[in-house]
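For reference, the chains in residue letters:
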Amino acid sequence: MSLDWIYLAISWILLAWHSAWDAIGVADGPVAGTNWAWILAIVFLVVTVRVILFPVFVKQIKSQRAMQALQPQVKALQEKHKGDRETLQKEMMELYRKEKANPLMGCLPMFLQIPVFLGLFHVLRRLDPANQGKTLYGWTVQQFESASAASIFTAPIAGKFGSTAEELSRLGANGTTVKVIAGVLVLVMMGTTYLTSRQMILKTGWAEDPQQRMIQRLMLYGIPLSLLISGAIFPIGVIIYWVTNNLFTLGQQQWVLRKYPPPPSVTAKAGASGRSTAQPAKAGGLLGRAKPAPAPVKPTTPKVAGPKPGAKPVNPKKNRPAKRQG
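Residues numbered from 1 in each chain as written. Predicted model: local features only at pLDDT ≥ 70, side-chain atom pairs only at ≥ 80, totals over all residues. Heavy atoms only, no water.

1. Comments concerning the packing of helix H3 (residues 71-80) against helix H4 (residues 85-99)
When two helices pack together, their arrangement is captured by the angle between the axes and the distance separating the axes.
Item 1. Taken N-terminus to C-terminus, the directions of H3 and H4 make an angle of 160°; their axes are 10 Å apart at the nearest point. One finds that H3 runs roughly antiparallel with respect to H4. Two packed elements cross with a definite hand, and for H3 against H4 that hand is right-handed. For the pair H3 and H4, contact is made by Gln-73, Val-74, Leu-77 and Gln-78 and by Leu-88, Glu-91, Met-92, Leu-95 and Tyr-96, respectively.
Item 2. Here the contact of H3 with H4 is built from residues that sort into 6 nonpolar, 2 polar and 1 charged. (Axes fitted to C-alpha atoms, helices over the stretch in contact; angles between N-to-C directions. Helix = DSSP H or I, 4+ residues; strand = E, 2+ residues; numbered from the N terminus. Parallel < 35°, antiparallel > 145°, perpendicular 65-115°, else oblique. Left-handed = near helix turned anticlockwise from the far one by under 90°. Contact = heavy atoms within 4.5 Å. Nonpolar A, V, L, I, M, F, W, Y, C, P; charged D, E, K, R; others polar.)

2. What about the packing of helix H2 (residues 36-69) against helix H10 (residues 236-259)?
Item 1. At their nearest, the axes of H2 and H10 sit 9 Å apart, and the two run at 40° to each other. The angle between H2 and H10 falls in the class oblique. Crossing handedness for the pair H2 and H10: right-handed. In this structure, H2 uses Ile-39, Ile-42, Val-43, Leu-45, Val-46, Val-47, Val-49, Arg-50, Phe-54, Phe-57, Ile-61 and Arg-65 to contact H10, whose residues at the interface are Gly-237, Ile-240, Tyr-241, Thr-244, Asn-245, Phe-248, Thr-249, Gln-252, Gln-253, Trp-255, Val-256 and Leu-257.
Item 2. Its residues placed into classes, the contact of H2 with H10 shows 16 nonpolar, 6 polar and 2 charged.

3. As for the confidence of the model for the chain
Item 1. Summarising the model, the chain shows a mean pLDDT of 81, and 79% of its residues fall at 70 or more.
Item 2. Every residue in residues 272-291 scores below 50 in pLDDT, and together they form 40 contacts with partners more than four places removed in sequence or on other chains. (pLDDT = per-residue confidence, 0-100.)

4. Quick notes on the pattern of salt bridges
Item 1. Under the defined criterion, the tally for this structure stands at 6 salt bridges.
Item 2. The salt bridge involving Arg-97 is made with Glu-94; its shortest N-O contact spans 2.5 Å. Linking Arg-97 with Glu-94, this pair stays in helix H4, spanning 3 residues, or about one helical turn.
Item 3. Among the ionic pairs, Lys-134 bridges to Glu-145, the shortest N-O distance being 3.5 Å. With Lys-134 in the loop between helix H5 (108-125) and helix H6 (141-149) and Glu-145 in helix H6, this residue pair connects regions lying 11 residues apart in the sequence.
Item 4. A residue is classified by how much of its surface remains accessible, and Glu-145, at 41% relative accessible area, is partly exposed.
Item 5. Through salt bridges with shared partners, a single network forms among Asp-128, Glu-166 and Arg-170. (Salt bridge = Lys/Arg side-chain N within 4 Å of Asp/Glu carboxyl O. Buried < 20%, exposed > 50% of the residue type's maximum accessible area, 1.4 Å probe, protein only.)

Below, the structure written as structure tokens:
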């Protein structure tokens, strides 16, 4: 199956945003070693994709809430079918079907973004001055040459940490600069990828379903660690896309989690189990560091002196002399 339609779509969005920034006066030439029109085109490619996928993201959150509501039933099935994995899986699938819950919905937004990532990877990898197919995917020769010369802090967006000396020579780039910029961006990419997964788990807690918990661990630890190796082959422009996408996700998740907070019972269980320090949706920050709750202030009541032990009660009205009439 040809992926040309993806490359055409990504190129069209990228070029449209570059033309828009160029039209409003953003310099196409380097300023502080950075071609901001192309950098902003990549950033707003992220914005375009995320706006399109926003309804899917909301469905993801709702699906996760439905899965959390089923956790007591899932736990009961696990106790009932201990040691019978096949029957357990069959019963759980039947439960999900009956309640219209989809365990895979949690990964759907990420899967839908994979073609965009691959498309941008392919488009930016082609930005080589020696490339003869400059007008492929709707590019003009001028646009191609402008993008192949674009850089961020003098490191070309088509360069990568693992670029060969020959590739760097064609791009007119300094190898040390490319490695430093790409290395820093890879670390930022790993850190923001970890934070997006951690933010979600802090708010929703670890899943009771072993398969769901395995997916959570993979997203929390596996994916960020894999980027340490795979990041070396990503063009710098692709890493900028990934970091921007992560930052967008952090903000979007914060908004959606406030609008659709997890059930209090789920966050309470997560904290009690020791697997997660889940907080209610409006408590805590990105890293789960909540401000300590102020100590409750006891209402102060005026102190009334009581009678001494053994003393007879005194009624001041009885001891007063009666007033004489007329």
